[in-house]
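Here is what each chain is made of, one letter per residue.
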Amino acid sequence: MSKKIRIATTSLAGCFGCHMSFMDIDERLLALAEIADFDRSPLSDIKHCQGCDIGIVEGGVCNAENVEVLREFRRSCRILVAIGACAINGGIPALRNRYDVGDCLEEAFLTGIGVTDPKVPGDPELPLLLDKVHPIHEVVKVDYSIPGCPPSADTIWAVLTALMEGNEPQLPCELIRYD
Ligand code: SF4
């Protein structure tokens, strides 16, 4: 029996919507489980990737922990795929890049609408916020990108199956249209 392909996913500064879209491949997950093992992913409880063929990253890089997780993930994955707008260009979290990070914290925790207990969280356990949100290609080498917010399950499936078969992913127009 041929060795199973190993797939991992991770989420950085994103909303988990790309992961939900991945899970939307629905019954195809069963077919996938026949030929692939899941490492770190929503389908396992593995916290650190053990060494994978395909690694999928959702979300951009907004704090020091994201940098650490992404670098470790890159070291562990033969092929790295950026999934969704946040991983590719920072997406919605990167809307804060035009403002000073101190002003963002002040608005969110001290003066913004709905703040009832004004205090900027300062627990040393919290990861250090970066002054900008970065797309993942600014931190590690990315092999493939799947555009969308989120990409559809069919688009994710098309890329995944091509990579598993050792082919270059070819996305037809209808899988990357958003109008
Ligand atoms: Fe969520 Fe869209 Fe970012 Fe994916 S690209 S993590 S769906 S905001």
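Residues numbered from 1 in each chain as written. Predicted model: local features only at pLDDT ≥ 70, side-chain atom pairs only at ≥ 80, totals over all residues. Heavy atoms only, no water.

1. Some details on the nonpolar core
Most often, soluble globular proteins have nonpolar side chains that are buried together. Our working rule: For this analysis, a nonpolar core means a set of buried residues of the types Ala, Val, Leu, Ile, Met, Phe, Trp, Tyr and Cys, connected via side-chain atoms within 4.5 Å. Under the scheme applied here, a residue whose accessible area is under 20% of the maximum for its type counts as buried, over 50% as exposed, and between as partly exposed, the area being computed with a 1.4 Å probe on protein chains only. Secondary structure elements are defined from DSSP: runs of H or I of at least 4 residues count as helices, runs of E of at least 2 residues count as strands, and each element is numbered from the N terminus. For this analysis, residues touch if any pair of their heavy atoms sits within 4.5 Å.
One finds Ile7, Leu32, Ile54, Leu160 and Met164 to be the most contacted residues of the largest nonpolar core, which totals 22 residues. Elements that contribute at least two residues to this core include exactly strand S1 (5-11), helix H1 (17-23), helix H2 (28-35), strand S2 (36-38), strand S3 (52-58), strand S5 (77-83) and helix H6 (153-164). Here this core gets seven residues from one element, more than from any other, and that element is H6. With residues up to four places along the chain from it excluded, the contact list for Met164 reads Ile5, Ile7, Leu32, Ile35, Ala36 and Ile54.

2. A look at the pairing of S3
Note the cut-off: At least two DSSP bridges between two strands are required for those strands to pair.
In terms of residue burial, S3 counts as a mostly covered element, since seven of its seven residues are buried. In terms of strand pairing, S3 meets S5 through six bridges, oriented parallel. Considered in S5, the bridge of Cys52 is made with Cys77.

3. Here we look at a negative patch on the surface
Put simply, the rule reads: Only residues whose relative accessible area exceeds 30% and that take part in no salt bridge are eligible for patches, with like-charged residues grouped when within 9 Å of each other and nonpolar side chains (Val, Leu, Ile, Met, Phe, Trp, Tyr) grouped when within 5 Å. Residue-level accessible areas treat just the shown protein chains as cover; the underlying method is Shrake-Rupley with a 1.4 Å probe. We define a salt bridge as a contact between a side-chain nitrogen of Lys or Arg and a carboxyl oxygen of Asp or Glu at a distance within 4 Å. Charged-residue counts in this description rest on Lys and Arg as positive and Asp and Glu as negative, His and the chain ends being excluded. Lys charges are placed at NZ, Arg charges at CZ, Asp charges at CG and Glu charges at CD.
Together, Asp100, Asp103, Glu106, Glu107 and Asp131 make up a negatively charged patch on the protein surface. Considering every element that reaches the negative patch, the biggest residue donor is helix H5 (residues 101-111), with three residues. As for its position among the elements, Asp103 is in helix H5. For Asp103, a relative accessible area of 47% corresponds to the partly exposed category.

4. Brief notes about the site of the ligand
As a reminder of what qualifies: Here a residue is considered near a molecule or strand provided that any single heavy atom belonging to it is located within 4 Å of it. We call Asp, Glu, Lys and Arg charged. Ala, Val, Leu, Ile, Met, Phe, Trp, Tyr, Cys and Pro are nonpolar, and the rest, Gly among them, are polar.
Taken together, Gly14, Cys15, Gly17, Cys18, Glu58, Gly84, Ala85, Cys86, Gly148, Cys149 and Pro150 are the residues near the ligand. Contributing elements (two or more residues each) for the shell around the ligand: H1 and helix H4 (84-89). For the shell around the ligand, the element with the most residues is H4, which contributes three residues. For the shell around the ligand, the per-class residue count stands at six nonpolar, four polar and one charged.

5. Looking at H6
Going by this rule: A helix is expected to span 1.5 Å for every residue after the first.
Helix length check: H6, at twelve residues, gives a terminal C-alpha distance of 16 Å against a target of 16 Å (1.5 Å per residue), a fit within 8%. Within H6, ten of the twelve residues are buried, which leaves it mostly tucked inside the rest of the structure. Looking at H6, one finds that the buried residues are Ala153, Thr155, Ile156, Trp157, Val159, Leu160, Thr161, Ala162, Leu163 and Met164. Directly after H6, the chain includes Gly166, whose backbone phi takes a positive value near 80 degrees.

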